[in-house]
2 protein chains.
Amino acid sequence: MVTKQVRSTAEDADLARADSLAREIFSDVANKWALLIIEFLGDRTLRFSELRKEVEGISHKMLTQNLRMLERNGLVERTVYPTVPPRVEYTLTAPAQELRETIDGLCRWTRTHMGHIESSRHRFDD
Amino acid sequence: MVTKQVRSTAEDADLARADSLAREIFSDVANKWALLIIEFLGDRTLRFSELRKEVEGISHKMLTQNLRMLERNGLVERTVYPTVPPRVEYTLTAPAQELRETIDGLCRWTRTHMGHIESSRHRFDD
DNA sequence: CGGGATCCGTATCGATACTG
DNA sequence: CAGTATCGATACGGATCCCG
């Protein structure tokens, strides 16, 4: 166990960098649309328009924006077929598949506690 | 397995309601600040000001706003001690504790794949 | 068809000031 | 100390148009 006393200022700086990076990634990933895209894409390979149908309610803009972000973070793979009209397919990468497990957990949690939450809301709204 | 044909319109309406409720709860919970508050609060009992220190970067306003929302959904319990100056303590409820398990998973995932994500970002930014 | 660019209303957020 | 209210800034999100 490394104590505060023997930790150099350089190591402190490293930890600070790691922390802010983790926070940054967390902010990217812990947003509604990103999580829904990952959840609905699952282990399938879908085109842009197909994915848009799956994640209902998402706008054209939000879908492209989030897909770019996920691609940048190495969570989705984007394959372009240079045909006309163009055909673009999206798949989750291995790290994203792991992430999907925990998102599944989040979805299960929601379904399990929906009733409790709904009644709690009604109690609160007085 | 219930097929589409034998499902009544009333049952369809129920399913639609459940779906939109689930979406609503998901939108509440799957946001950066809410998740961080739950994660940092953990199994402790913290005052408003203590919690504000823990979740660094959160503004006074965002903290109150999210705490109200979490309280409404029955995820945090708010205890007011009518002293002067006032003392208000927050704790996670049982459902929120369960949720914390999956948030822990999300945090572990972030730490595990930080390196991969960072290098993927550098590759993308060209 | 996929996606970039633009416009524009709205929700979000931070800072500040004020109450019990 | 905890919380509400108000006010600007700006980021978000949707609608639309156009290009490959």
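Residues numbered from 1 in each chain as written. Chains lettered and ligands numbered in written order. Predicted model: local features only at pLDDT ≥ 70, side-chain atom pairs only at ≥ 80, totals over all residues. Heavy atoms only, no water.

Undergrad: Help me understand the protein's contact with DNA strand D in this model?
TA: Taken together, 15 residues sit near DNA strand D, with A:K61, B:S49, B:H60, B:R78 and B:Y90 positioned nearest. Contact between DNA strand D and B:R47: a sugar or linking oxygen at 3.0 Å from a side-chain N or O atom of the residue. Between DNA strand D and B:R68 there is a distance of 3.1 Å, counted from a phosphate oxygen to a side-chain nitrogen or oxygen. Sorting the residues of the surface near DNA strand D by element identifies α4 (60-72) of chain A together with α3 (48-54), α4 (60-72) and β3 (87-92) of chain B as the ones contributing at least two each. Tallying contributions element by element places α4(B) first for the surface near DNA strand D, with three residues. Its residues placed into classes, the surface near DNA strand D shows seven nonpolar, three polar and five charged. (Near = heavy atom within 4 Å. Polar contact = N/O pair within 3.5 Å; in protein donor to acceptor, adjacent residues only side chain to side chain. Helix = DSSP H or I, 4+ residues; strand = E, 2+ residues; numbered from the N terminus. Nonpolar A, V, L, I, M, F, W, Y, C, P; charged D, E, K, R; others polar.)

Undergrad: Which parts of the structure should I look at to understand empty space enclosed by the protein?
TA: To locate leftover empty space, one rolls a probe as large as a water molecule over the atoms. Scanning the model with the defined rule gives one cavity of 30 Å³ or more in all. The space that makes up the largest cavity amounts to roughly 80 Å³. What lines the largest cavity is simply A:L35, A:T102, A:I103, A:L106, B:L35, B:T102, B:I103 and B:L106. Put simply, the parts of the chain that give the lining of the largest cavity at least two residues each are α5 (94-124) of chain A together with α5 (94-124) of chain B. (1 Å grid on protein atoms, 1.4 Å probe; cavity = no way out; pocket = protein on both sides within 12 Å on 5 of 7 lines; lining within 4 Å. Points joined across faces, edges and corners; volume = space filled by probe spheres on them.)

Undergrad: In this structure, what is going on with the UniProt feature "domain: HTH hxlR-type" (unreviewed entry) in chain A? I would like to understand it.
TA: Per the UniProt annotation, the sites labelled "domain: HTH hxlR-type" (unreviewed entry) are residues 18-118 of chain A. In residues 18-118 of chain A, helix accounts for 66% and strand for 14%; the two terminal C-alpha atoms are 38 Å from one another. (UniProt positions renumbered as here; feature names shortened; annotations may be inferred.)

Undergrad: What is the right way to look at the sheet that holds strand β2 (residues 76-81) of chain A in this model?
TA: Paired through their backbone hydrogen bonds, the strands of a sheet run either parallel or antiparallel. Residues and elements named next belong to chain A. An order of β1-β3-β2 is seen for the three strands of this open sheet, with the pairing classed as antiparallel. Two strands in the sheet have a free side with no partner beyond their single neighbour: β1 (46-47) and β2. Sheet topology places β2 next to strand β3 (residues 87-92); six bridges connect them, and they run antiparallel. Considered in β3, the bridge of V76 is made with L92. Against the sheet, helix α2 (residues 32-41) touches β1, β2 and β3, its axis set at about 95° to β3. Sheet strands touched by α4: β2 and β3. Its angle to β2, the strand with the most contacts, is close to 110°. (Pairing = 2+ DSSP bridges. Contact = heavy atoms within 4.5 Å. Axes fitted to C-alpha atoms, helices over the stretch in contact; angles between N-to-C directions.)

Undergrad: What is the right way to read the pattern of salt bridges from this model?
TA: Side-chain pairs of opposite charge can arise where the charged atoms are in close proximity. With the rule as written, the count across this model stands at 12 salt bridges over all chains. Here B:R121 and A:D28 are joined by a salt bridge, their closest N and O atoms 3.2 Å apart. Highlighted residues: B:R121 in helix α5 and A:D28 in helix α1 (residues 9-29), drawn from two different chains. Residue B:R87 pairs with B:E89 through a salt bridge whose shortest N-O separation is 3.3 Å. (Salt bridge = Lys/Arg side-chain N within 4 Å of Asp/Glu carboxyl O.)

Undergrad: For this particular structure, what's the right way to read the protein's contact with DNA strand C?
TA: In the vicinity of DNA strand C, 16 residues are found, and the nearest of them are A:S49, A:H60, A:R78, B:S59 and B:K61. Note that a phosphate oxygen of DNA strand C is positioned 3.4 Å from one of the backbone N or O atoms of A:F48. Interatomic distance of 2.6 Å between a side-chain N/O atom of B:S59 and a phosphate oxygen of DNA strand C. Element by element, the count of residues in the surface near DNA strand C is highest for α4(A), at four residues.

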